[in-house]
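# Descriptive structure summary
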Amino acid sequence: MTTEIPPSPHKQPRKRLLTGGLLVLLASLLLHLIIISWARGLLVLPSGKPQDDTMVVAATLESEAPVIPKPKIVAAKPKPRPRRPAPAPVIESPAPVAETTSPPANEPSTASTSDDKIVAEETPEPAAPEAETGIAYKIDLPPSASLKYDIQKIPKEGAPTYGSGTISWRTDGQLYTVDGEFGVLFITALRFRSSGSITDIGIVPELYSEKRFRRSETNTHFQRDPELISFSASTKSYPRTGGEQDRASIIWQLAGIGRGDSEKFVAGASIDLFVAGTRDAETWHILVIGQEDIVVDGTTISAWHVARAPRRGSYDQKLDIWLAPQLNWYPVRLRYTEANGDYLDMSLSNLNVSPSH
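Everything numeric in this text was worked out from a predicted model, so none of it was measured.

Turning next to the side chain of S230. Examined against the element boundaries, S230 turns out to sit in strand 7 (residues 228–231). Here the side chain of S230 touches Q223 through a polar contact of 2.6 Å, side chain to side chain.

Printed below as a string of structure tokens:
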């Protein structure tokens, strides 16, 4: 009698479990293959288009996105352009530019400007005014004469005082002297003398002496060897190049310019002369103010009014001169104004002209 052993109730569930596990494993592998294939573009989408087409489009978009910043990077690089003003150092030293590029018209102008700056920097201080006096004037000095003046000293505060003065101008065409003396209330306030020679450029001073009330006499020397202007009251010196004047001779040099080159006397014009005083020298800018009527010994005449104003901050005198063309350009009126406002006014009262030289 055969006895059938019934199957164990525990074996059947194991087989099902094993089968289910294999199916899950296969499904997992299949899913991984699908994902990998889809990622590589090997799987066809339901629309029938290969995945790689879609990825190509996506890749194109991604490749274009980085391209957009590139122009920004290129645009950012030109920012150094503001450094282009750096060529300024080249302008400051134009000599190399002139050597390398001569054809352009702009290069010579830059080089000439630089040359001017170099001259201004390298030229000694006194030479600058001398350069300004390089203008050539035609000179015809007036004949010898003795001039007498009525003087009024007008203080800024207080009552005026009166006096007299004389100027003696002597010349033989080769040499000259100017002697002057001004007094107020029987006191000689100022005495001066200028002497020297006469050339084609007019007056050439050699010595100027000045003596003021209660002050020592000073001497200004116009040396010939070496060619220098020196002072007894100062250690300064200036080179002589021609045309320099002193405080007395300048009046007669202006008269000579008026007689020989009257076209220079135009209202608003300036006549520049290098003038030495008692302690230093500088260029005097003589401004031509215009013609004015002046009464001389009861007669009204027309005279050119010129004036020299000292530079700002200077305590030097301001000088006004009236030159009368109809009287050989003699100075018919003079006015010396001090820095404090006091002034000495001199009006011609008598003129004695010597025979012409």
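This part is about the packing of aromatic side chains. Overall, the coordinates contain 9 aromatic pairs when judged by the stated rule. By way of ring pairs, the aromatic residues W169, Y176, W252 and Y330 are connected into one cluster. Here the guanidinium or amino end of R335 rests over the ring plane of Y343, the centre of that ring lying 4.7 Å away.

Looking now at the pairing of strand 6 (residues 218–222). Only one face of strand 6 is covered, namely the face carrying T218, T220 and F222; the face carrying N219 and H221 is uncovered. In the sheet, strand 5 (residues 202–212) pairs with strand 6 via 4 bridges, with the strands oriented antiparallel. Within the sheet, the bridge partner assigned to S209 lies in strand 6 and is N219. Taken together, strand 5 and the strand that follows it, strand 6, pair antiparallel across an intervening segment of 5 residues, in which R214 is found at a positive phi of about 65 degrees.

Of the residues in the protein, 63% have a pLDDT of 70 or more, and the chain-wide mean is 75. Scored below 50 in pLDDT, residues 41–133 shows 38 contacts in the model against residues more than four places distant or in partner chains.

Time to look at the nonpolar core. A general tendency of soluble globular proteins is for nonpolar side chains to be buried together. If you look at the biggest cluster of nonpolar residues, it comprises 57 residues, and the most contacted ones within it are F182, W252, L254, F265, I271 and V332. F265 has contacts with L254, I257, G258, I271, V288, W304, V306, L323 and W329, leaving out every residue within four places of it along the chain.

What follows covers the environment of S232. Here S232 shows up in the loop between strand 7 and strand 8 (237–239). A relative accessible area of 48% means that S232 is categorised as partly exposed. Residues S232 and T218, spaced 14 residues apart in sequence, show a C-alpha to C-alpha distance of 5.9 Å. Discounting residues that sit within four places of it in the chain, S232 has contacts with T218 and N219.

About the criteria used
Residues numbered from 1 in each chain as written. Predicted model: local features only at pLDDT ≥ 70, side-chain atom pairs only at ≥ 80, totals over all residues. Heavy atoms only, no water. Helix = DSSP H or I, 4+ residues; strand = E, 2+ residues; numbered from the N terminus. Polar contact = N/O pair within 3.5 Å; in protein donor to acceptor, adjacent residues only side chain to side chain. Phe/Tyr/Trp six-rings, centres within 6.5 Å; stacked < 30°, edge-to-face > 60°. Lys NZ or Arg CZ within 6 Å of the ring centre and 35° of its normal. Buried < 20%, exposed > 50% of the residue type's maximum accessible area, 1.4 Å probe, protein only. Pairing = 2+ DSSP bridges. pLDDT = per-residue confidence, 0-100. Contact = heavy atoms within 4.5 Å. Core = buried A, V, L, I, M, F, W, Y, C linked by side-chain atoms within 4.5 Å.

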